[in-house]
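# Understanding the architecture of this molecule
Okay, here's what each chain looks like letter by letter:
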Amino acid sequence: PTKVLLDEPLPTRAEMGEILDRVHSFVPDLPAPTGPARTAALDALVGLHAFTGKQVTAMALTKTGADPELLWEHKRKAIEATDGLKVWRGKERLEDLQGLDNVIAFLRQLMAAEAFGAIVFIDEGEKAFAGGMAEHVGDGGVSKDQVATVLTYIQDTRSLGVLLAGLAGTGKTQLAKALAAASGKPLIMFDLGGLKGAGGGIVGQASAAIRNALKVITATAEGRVLFLMTANKTVEFSPELNRRFPDQFFCDLPDRKGRRSIWDVYIKRSKLTKAQAAIPEGFDDGWTGAEIERVCERAAMFSTTVTKAAEFLVPSCVSAKDAIADLRRMASGRFLDARRPGIYRPESAAPVAAATRTIEVEA
């Protein structure tokens, strides 16, 4: 027998507005929201199927109308019912990210221009796309079809593509989360690896799964998608990826000024005393923001100073010194500097040599 696949288009904002009004009309003396409240409610509803939108609105009704926060929570769950998609829930702040001034300024301009309706985050893109770019993968063509579908989607929809390359622990993932919180737009974590196994890893079924995920993304973003991809291990990408992600920033180790600002954020967050937070000159040379955060958390946990807590830290500027030098060399002249305006040059980078610390262990 012939199988027919019915593809129901997701409701537009106007159509979802009609659903919102209809559900409110079922409750006596409960007018549908207007103005900013209506905008907030529709922001939370677009991207859902019509039936789901009715259910979600009904469950989110309060004495004053549909609660946008409840709508968002139901929407997140609905999106996460789609293979390969997760929605980040967090309250990171752009103000807490230090040493990334140039890329933050660029992203703020995208926010001001209302250039995107949702952020699709692809972590460690060099791994996510690697299989589909190789000659022989051994998965029956699933990876190739998957990558081709995503790249074609980005091109055909003229989606924005921003690439954050560079060292692990420099705030790339945190930046994506903070951007979502600042813009009020959902951050959709796009798991290409998870989608590969959809439908038992069969090309046709995996292809249908990724197209369904992209349909949900399109409706949620109302056609204005910002793809934000990170890369930790390399700064060399295929021409196809470079074309889809033309806004490329290199995230290097924070300089002295950036580290001081990062310390201030995490010292305050960890509620360290002035004595606990005393930092000798040059003590933190080459540290990443993630390493500063970890030392502050350990100092608070152990009720000790940051210098004592750091005795159990091997910073990446020591453990990955050669890899850092290679990344810097390859990124030179090819990326925008995430810290300051202009093209990235390694000669303006923070040093990779860290202060030597002696760990004393009692017998």
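The structure this text deals with has already been given above.
About the cut-offs
Residues numbered from 1 in each chain as written. Predicted model: local features only at pLDDT ≥ 70, side-chain atom pairs only at ≥ 80, totals over all residues. Heavy atoms only, no water. Helix = DSSP H or I, 4+ residues; strand = E, 2+ residues; numbered from the N terminus. Buried < 20%, exposed > 50% of the residue type's maximum accessible area, 1.4 Å probe, protein only. Contact = heavy atoms within 4.5 Å. Areas by Shrake-Rupley, 256 points an atom, 1.4 Å probe, with all protein chains shown as cover. Expected span 1.5 Å × (residues − 1). Arc of directions from axis to C-beta. Polar contact = N/O pair within 3.5 Å; in protein donor to acceptor, adjacent residues only side chain to side chain. Salt bridge = Lys/Arg side-chain N within 4 Å of Asp/Glu carboxyl O. Axes fitted to C-alpha atoms, helices over the stretch in contact; angles between N-to-C directions. Left-handed = near helix turned anticlockwise from the far one by under 90°. Parallel < 35°, antiparallel > 145°, perpendicular 65-115°, else oblique. Core = buried A, V, L, I, M, F, W, Y, C linked by side-chain atoms within 4.5 Å. Phe/Tyr/Trp six-rings, centres within 6.5 Å; stacked < 30°, edge-to-face > 60°. Lys NZ or Arg CZ within 6 Å of the ring centre and 35° of its normal. Pairing = 2+ DSSP bridges.

For the rest of this paragraph, the subject is the overall build of the chain. Looking only at helices and strands, one finds 17 helices and nine strands in the chain. For the chain, with 363 residues in total, the buried portion stands at 46%. Within the chain, counting contacts between residues at least 6 apart in sequence, those at least 24 apart form 77% of the total. Of the roughly 18200 Å² of accessible surface on the chain, a fraction of 54% belongs to carbon and sulfur atoms.

Taking 1.5 Å per residue as the helical rise, helix H4 (residues 68-80) with its 13 residues ought to reach 18 Å, and the 18 Å between its terminal C-alpha atoms agrees with that figure. Among the residues making up H4, those that are buried are Leu71, Trp72, Lys75, Arg76 and Ile79. Projected down its long axis, H4 carries its buried residues within an arc of 140°, all on one side. Two or three places before glutamate 69, at the start of H4, stands the capping residue aspartate 67, its side-chain oxygen 2.9 Å from that residue's backbone nitrogen.

Quick look at the pattern of salt bridges now. According to the stated counting rule, one finds 21 salt bridges in the structure shown. Across the pair aspartate 96 and arginine 93 runs a salt bridge whose closest N-O atoms are separated by 3.0 Å. Between aspartate 264 and arginine 260 there is a salt bridge, with the nearest N and O atoms lying 3.1 Å from each other. With aspartate 264 and arginine 260 both in helix H13 (residues 256-270) and four residues apart, this pair spans about one turn of that helix. Given the relative accessible area of 43%, aspartate 264 is considered partly exposed. Three or more residues joined by partner-sharing salt bridges are found here, namely Glu73, Arg76, Glu80 and Arg89.

Next up on the list: the environment of serine 159. Note that serine 159 resides in the loop between helix H8 (142-156) and strand S5 (160-166). C-alpha separation for the pair serine 159 and threonine 218, spaced 59 residues apart in sequence, amounts to 9.9 Å. Discounting residues that sit within four places of it in the chain, serine 159 has contacts with Tyr153, Ile154, Val225 and Phe227. Polar contacts involving the side chain of serine 159 include one to the side chain of threonine 157, which spans 2.7 Å.

The geometry of helix H5 (residues 101-112) relative to helix H9 (residues 172-183) is characterised by a closest axis approach of 11 Å and an angle of 35° between their N-to-C directions. Where H5 crosses over H9, the handedness of that crossing is right-handed. The segment H5 lies against H9, with Val103, Ile104, Leu107 and Met111 engaging Leu175, Leu179, Ala182 and Ser183.

Right, let's talk about the packing of H13 against helix H14 (residues 289-302) for a bit. Where H13 contacts H14, the axes come no closer than 9 Å and their chain directions differ by 30°. Judged by the angle between their axes, H13 and H14 are roughly parallel. Handedness of the H13/H14 crossing: right-handed. Facing Arg259, Ile262, Trp263, Tyr266, Ile267 and Ser270 of H13, the residues of H14 in contact are Gly289, Ile292, Glu293, Val295, Cys296, Glu297 and Ala300.

With 43 residues, the main nonpolar core has Leu85, Phe129, Phe190, Ile217, Phe227, Val235 and Phe335 as its most contacted residues. Looking at this core, the element that brings in the most residues is helix H11 (residues 203-221), giving seven residues. What phenylalanine 335 contacts, discounting residues up to four positions off in sequence, is Leu163, Ala165, Val235, Phe237, Gln248, Phe249, Phe250, Ile343 and Tyr344. Judged by nonpolar contacts, the second largest core, of 23 residues, contains Val162, Leu175, Ala176 and Ala338.

Describing an aromatic ring pair means giving the distance of the ring centres and the angle of the ring planes. In total, this model carries six aromatic pairs according to the counting rule given. Taken together, a centroid distance of 6.1 Å and an interplanar angle of 70° make the contact between tyrosine 153 and phenylalanine 227 edge-to-face. Highlighted residues: tyrosine 153 in helix H8 and phenylalanine 227 in strand S7 (residues 225-231), separated in sequence by 74 residues. We note that tyrosine 153, like phenylalanine 227, is buried. By way of ring pairs, the aromatic residues Phe250, Phe335 and Tyr344 are connected into one cluster. Positioned above the aromatic ring of tryptophan 88, the side-chain terminus of lysine 177 is 3.6 Å from the ring centre.

On to the sheet that holds strand S6 (residues 187-190). Taken in spatial order, the seven strands line up as S3-S6-S4-S7-S5-S8-S9 in an open sheet, and their pairing is mixed. Since the sheet does not close on itself, it has two edges, and those belong to strand S3 (85-87) and strand S9 (336-337), each with one partner. Across five bridges, the pairing between S5 and strand S8 (residues 247-251) is parallel. From the neighbouring strand, leucine 163 faces S8, where its bridge partner is glutamine 248. Running at roughly 150° to S8, H5 makes contact with S5, S7, S8 and S9 of the sheet.

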